[in-house]
Amino acid sequence: MKSAPQKNSLQTLESGVDVYRKINTACLILIAVVCLVAALIYTKSILIPLVISIFIYTMITPLIRYLRFRAKFPRWLAIIVAATIVLVPLVLIVIFISNSISNFAQSFGVYQAKLVESFNRLADLIRSYKIPLPDDMLELKSLQTMLTGPGSVNFFKSLGANAVKVFSYFSMVVIFVFFLLLGSGRAKITNVVIKEIQNKISAYLYIHIIVSILTGICVGVVYFAVGLELSLMFIVATIMLNFIPNVGSIIAVLLPLPIALMQFGPTSSFWIILIIPACMQFVIGSILEPKLLGSGMDLHPVTIIGSLVFWALVWGVPGAFLAVPMTAAVRIILSKIEPTRAFAEILSGRLPK
């Protein structure tokens, strides 16, 4: 029989060891996270096209299954048809965006002068209403310097050069998708985690594509009705930016405003281009899309914002587009592992039990 002092000392020792183990585990997790983030940043030139190709592959796979088992297509024909349906529109969009950026960069001088003139008209309008604003603010010298300075010219020249890189970058994605399709169907996926990730992400991508195209069509009607220049480019930009959660829709609304101000000035057409697309984005993004997605990715809104910031810092603009599906995949993996299930619950906005 152990005496009471001995029992107390043993309990104290065990509690100290338990605290030490928890601190040790937390430190190891922190080191692992730092190393993982460093690896993601260092290998992003390869990982980004690979991840994009995997997501495109998850979109093609349900089409292949449908064509094989419902439409009774041979495997090779189902792969070709499904890949054509998904990849051809993506390639055309990339080509269009690259050409639009290049053409806009080349004609930037024309828009630059018109934009400065529009700001001067706006300042004259403010003066006519006798609004008490400082002269420095009305003259917009800093803004005009920014628009006409060498920095803006160099920026758009580099933007035009990067348009070519976008197309070459996407060609790597197509190559990855090609090899993924070559290996598809040879081994049946039986892992529950992989199946859940594939099903949820493919459903999310398809619904998001439909919602984004619908948003682009609605916004496009407004742009074409008003007669906005570069309407088609802004429609495609709206469709693409809707894949960036929350922030993308705001950027899509604000993006055509400089051209609208340059073209129409502060008239009713300018306010139509601002207000009506903003209302459409709110209705479709805040009411229609959540109903279509249902539980969807099972991510809390704060988690979505946090993931957007994290992946944008790690992978830049591509990371912002991939933030939601990447975080959803991480949440599913964490939910299937007993020690990390609490973290998955936190990402879903639920307190762990």
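Scroll up to find the structure this text is about.
An account of the accompanying structure is given in this report. (Residues numbered from 1 in each chain as written. Predicted model: local features only at pLDDT ≥ 70, side-chain atom pairs only at ≥ 80, totals over all residues. Heavy atoms only, no water.)

Notes on the overall build of the protein chain
In terms of regular secondary structure, the protein chain is built from 14 helices and 0 strands. In the protein chain, 73% of the contacts between residues at least 6 apart in sequence involve partners at least 24 apart. Accessible surface, the protein chain as shown: approximately 21,000 Å² in total, 73% of it carbon and sulfur. (Helix = DSSP H or I, 4+ residues; strand = E, 2+ residues; numbered from the N terminus. Contact = heavy atoms within 4.5 Å. Areas by Shrake-Rupley, 256 points an atom, 1.4 Å probe, with all protein chains shown as cover.)

A few points about the packing of aromatic side chains
Taken as a whole, this structure holds 5 aromatic pairs when the rule is applied. Pairing Tyr223 with Phe234 gives two aromatic rings, centres 6.5 Å apart and planes at 70°, and the pair type is edge-to-face. In this pair, Tyr223 is assigned in helix H8 (residues 192–226) and Phe234 in helix H9 (residues 231–241), connecting sequence segments 11 residues apart. Since its relative accessible area comes to 1%, Tyr223 is described here as buried. Where Phe270 meets Trp271, the ring centres are 5.2 Å apart and the plane angle is 80°; that geometry is what we call edge-to-face. These aromatic residues form a ring-pair network of at least three members: Phe310, Trp311 and Trp315. (Phe/Tyr/Trp six-rings, centres within 6.5 Å; stacked < 30°, edge-to-face > 60°. Buried < 20%, exposed > 50% of the residue type's maximum accessible area, 1.4 Å probe, protein only.)

Considerations on the environment of Trp311
Considering the arrangement of structural elements, one finds Trp311 in helix H13 (residues 301–335). Judged by its relative accessible area of 7%, Trp311 falls in the buried class. Between the alpha carbons of Trp311 and Ala323 there is a distance of 5.7 Å; along the sequence they are 12 residues apart. Setting aside anything within four residues of it in sequence, one finds Trp311 in contact with Leu40, Gly316, Gly319, Ala320, Ala323, Met326 and Thr327.

Observations regarding unusual backbone geometry
You will see that Leu230, though not glycine, has its phi angle at about 60°, which is positive. Looking at the element boundaries, Leu230 is found in the loop between H8 and H9.

Side note on the side chain of Gln281
Within the element layout of this structure, Gln281 appears in helix H12 (residues 268–293). Leave out the neighbours within four places in its chain, and Gln281 touches Thr215, Thr238, Asn242, Ser249, Ala252, Val253 and Ser286.

Things to note about the nonpolar core
Of all hydrophobic cores here, the largest spans 42 residues; its most connected members are Ile60, Leu181 and Trp315. At 13 residues, H13 tops the list of elements feeding residues into this core. Not counting residues within four places of it along the chain, the set of residues in contact with Leu181 comprises Tyr57, Ile60, Ile64, Arg75, Ile79 and Ala83. One finds Val219, Leu228, Ile235 and Phe270 within the second-largest nonpolar core, a separate group that totals 15 residues. (Core = buried A, V, L, I, M, F, W, Y, C linked by side-chain atoms within 4.5 Å.)

Observations regarding the environment of Val226
Looking at where Val226 falls in the secondary structure, it is placed in helix H8. Val226 sits 42 residues away from Ser268 along the chain, and the two C-alpha atoms are 9.8 Å apart. Residues contacting Val226, with those up to four places away along its chain left out, are Phe264, Ser269, Ile272 and Ile273.

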